[in-house]
Amino acid sequence: MSNPQQLRYSKEHEWLSTAEDGVSTVGITEYAANALGDVVYAQLPEVGDTVTAGETCGELESTKSVSDLYSPVTGEVTEANQDVVDDPSLVNSAPFEGGWLFKVRVAEEPKDLLSADEYTEFSGN
């Protein structure tokens, strides 16, 4: 399992892209997707919602369990991935590509986000 080097990671197993024009993309890691099992439902934050770093902003349901979705940053949601709402299995099949969850205009980024190497060491894979 390879964590893309250009992303940053939270200890809640979300990833964050580098901001483009102040907007970053958020998803869950392959490690989290595998731990969840087959995702069958995604409740994502809506456009215009304010999300806060470390707080819940949605949930993912799988055949194994329900898991809260945490935002790795504070900001305003600019887009939710409708493809994931329509086909939640994208979270499992392409967690770093088509399975992204939402985009956020970053107001504040916590200092404790991890690099890919730090996340790999943290998650043990």
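Residues numbered from 1 in each chain as written. Predicted model: local features only at pLDDT ≥ 70, side-chain atom pairs only at ≥ 80, totals over all residues. Heavy atoms only, no water.

**A few points about the overall build of the chain**
Going by this rule: Helix and strand definitions here come from DSSP, where helices need a minimum of 4 consecutive H or I residues and strands a minimum of 2 consecutive E residues; each element is numbered from the N-terminal end. Taken over C-alpha atoms, the radius of gyration is set against a globule rule of 2.2 Å times the number of residues to the power 0.38. Categorising residues by exposure relies on relative accessible area from a 1.4 Å probe, with only protein chains included: less than 20% of the type maximum marks a residue as buried, more than 50% marks it as exposed, and the intermediate range marks it as partly exposed. The contact rule is simple, with two residues in contact once any of their heavy atoms fall within 4.5 Å.
Along the chain, the regular secondary structure elements total 4 helices and 9 strands. Listing every helix and strand of the chain by position from the N terminus yields β-β-β-α-β-β-β-β-β-α-α-β-α. A compact globule built from 125 residues would reach a C-alpha radius of gyration of about 14 Å, and the chain, at 13 Å, matches this within 12%. Based on the C-alpha atoms only, the size of the chain along its principal axes is roughly 35 × 35 × 20 Å. Within the chain, the proportion of its 125 residues that are buried is 43%. When contacts within the chain are restricted to residue pairs at least 6 apart in sequence, long-range pairs at least 24 apart make up 61% of them.

**Here's the deal with the sheet that holds strand β4 (residues 39-43)**
Counted only if it meets this: Note: two strands are recorded as paired if DSSP finds a minimum of 2 bridges between them. Only C-alpha atoms enter the line fits that serve as axes; for helices the fit covers just the stretch in contact. Angles between N-to-C directions range over 0 to 180 degrees.
Strand order in the open sheet formed by 3 strands is β4-β6-β7, and the pairing between neighbours is antiparallel. Edge positions in the sheet fall to β4 and β7 (66-70), since each has one partner strand and no second. Strand-to-strand twist of the sheet, defined as the mean angle between neighbouring strand axes without regard to direction, takes the value 25°. Of the strand pairs in this sheet, β4 and strand β6 (residues 56-62) are connected by 4 bridges, and their pairing is antiparallel. Considered in β6, the bridge of Tyr 41 is made with Glu 61.

**Description of the UniProt feature "modified residue: N6-lipoyllysine" (unreviewed entry) in the chain**
Stated precisely, the cut-off is as follows: UniProt positions are given in the numbering used here, feature names are shortened, and annotations may be inferred rather than shown by experiment.
Mapped onto this structure's residue numbering, the UniProt feature "modified residue: N6-lipoyllysine" (unreviewed entry) falls at Lys 64. Structurally, Lys 64 can be placed in the loop between β6 and β7. Residues contacting Lys 64, with those up to four places away along its chain left out, are Asn 34, Ala 35, Leu 36 and Gly 37.

**Some points on the environment of Pro 88**
Mapped onto the fold, Pro 88 is located in the loop between α2 (82-86) and α3 (90-93). Taking relative accessible area as the criterion, Pro 88 reaches 10% and is therefore assigned buried. Taking C-alpha positions, Pro 88 is 8.5 Å from Leu 60, a pair spaced 28 residues apart along the chain. Residues contacting Pro 88, with those up to four places away along its chain left out, are Val 39, Val 40, Tyr 41 and Ala 42.

**Remarks on the sheet that holds strand β8 (residues 74-80)**
Ordered in space as β1-β2-β3-β9-β8-β5, the 6 strands form an open sheet in which the pairing is antiparallel. Of all strands in the sheet, those bounded by a partner on one side alone are β1 (8-9) and β5 (50-51). The pairing of β8 with strand β9 (residues 102-108) spans 6 bridges and is classified as antiparallel. Looking at β9, one finds that Thr 74 is bridged to Glu 108.

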